[in-house]
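Structural features, examined
Listed below, chain by chain, are the residues.
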Amino acid sequence: MRSISFYQTDIGKIGIVDSNNSITNVYFHGESFPEDAILNETELLKEANRQLKSYLAGKQKVFNLHLAPVGTGFMLRVWEALSSIPYGENRSYEEIAQKVGNKKASRAVGLAASRNPIPIFIPCHRVIGKNGKLTGYRSGLHIKEHLLKLEKQNARH
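Presented here is an overview of the structure given in this document. (Residues numbered from 1 in each chain as written. Predicted model: local features only at pLDDT ≥ 70, side-chain atom pairs only at ≥ 80, totals over all residues. Heavy atoms only, no water.)

As a rule of thumb, soluble globular proteins bury nonpolar side chains together. Ranked by size, the top nonpolar core spans 39 residues in total, and within it Ile16, Tyr55, Leu82, Ile120 and Phe121 carry the most contacts. Elements represented by at least two residues in this core include exactly β2 (12–19), β3 (22–28), α1 (43–56), α2 (73–83), α3 (93–99), α4 (106–114) and α5 (141–154). Ranked by residue count, the leading element in this core is α1, at 6 residues. Apart from residues no more than four positions distant in its own chain, Tyr55 is found in contact with Gln60, Phe63, Tyr87, Ile120, His125, Leu147, Leu150 and Glu151. (Core = buried A, V, L, I, M, F, W, Y, C linked by side-chain atoms within 4.5 Å. Buried < 20%, exposed > 50% of the residue type's maximum accessible area, 1.4 Å probe, protein only. Helix = DSSP H or I, 4+ residues; strand = E, 2+ residues; numbered from the N terminus. Contact = heavy atoms within 4.5 Å.)

So, about the layout of surface pockets. Its boundaries defined by the atoms lining it, the largest pocket holds a volume of some 240 Å³. Along the wall of the largest pocket there are 16 residues; nearest its centre are Phe63, Ser83, Phe121, Ile122 and Pro123. Along the lines of polarity and charge, the residues of the lining of the largest pocket split into 12 nonpolar, 1 polar and 3 charged. (1 Å grid on protein atoms, 1.4 Å probe; cavity = no way out; pocket = protein on both sides within 12 Å on 5 of 7 lines; lining within 4 Å. Points joined across faces, edges and corners; volume = space filled by probe spheres on them. Nonpolar A, V, L, I, M, F, W, Y, C, P; charged D, E, K, R; others polar.)

Bringing α2 into the picture now. Listed as buried for α2 are Met75, Val78, Trp79, Ala81 and Leu82. End-on view of α2: buried residues confined to an arc of 155°, all on one side of the axis. Of the surrounding secondary structure, the elements contacted by the buried residues of α2 are α3, α4 and β6 (127–128). (Arc of directions from axis to C-beta.)

This is the structure:
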């Protein structure tokens, strides 16, 4: 059974999904979510919301939740590499491609990042273009920019 709960945050309404005691998806305002998900605030969803709000307040730098994204083997390796980017730091798509073992896979890394089912908790917002420019983000570049600024401001605290 998949449970979903919606929370109002500084960056808009966010839906978080708990399936078998793991966070599997995050949905931004206006995105379609699974019709079979039951509106039910589990203890895990309450904790995910608490950690998310703490993160958005600049207090929490690392999430302590069991995440279970679903994707191909390559996607899972990319998402694991994204999760290893320290708070307040950025990496290029090329650097992530090198980390997953294929330095020519920058575009594939970008595609995997765009399909990240658990944004923010898996910090795909920390990946930028090689030239330092912000590139796509599922909920819009303004959210990506907001998250990066938040982390830069709070990285040293």
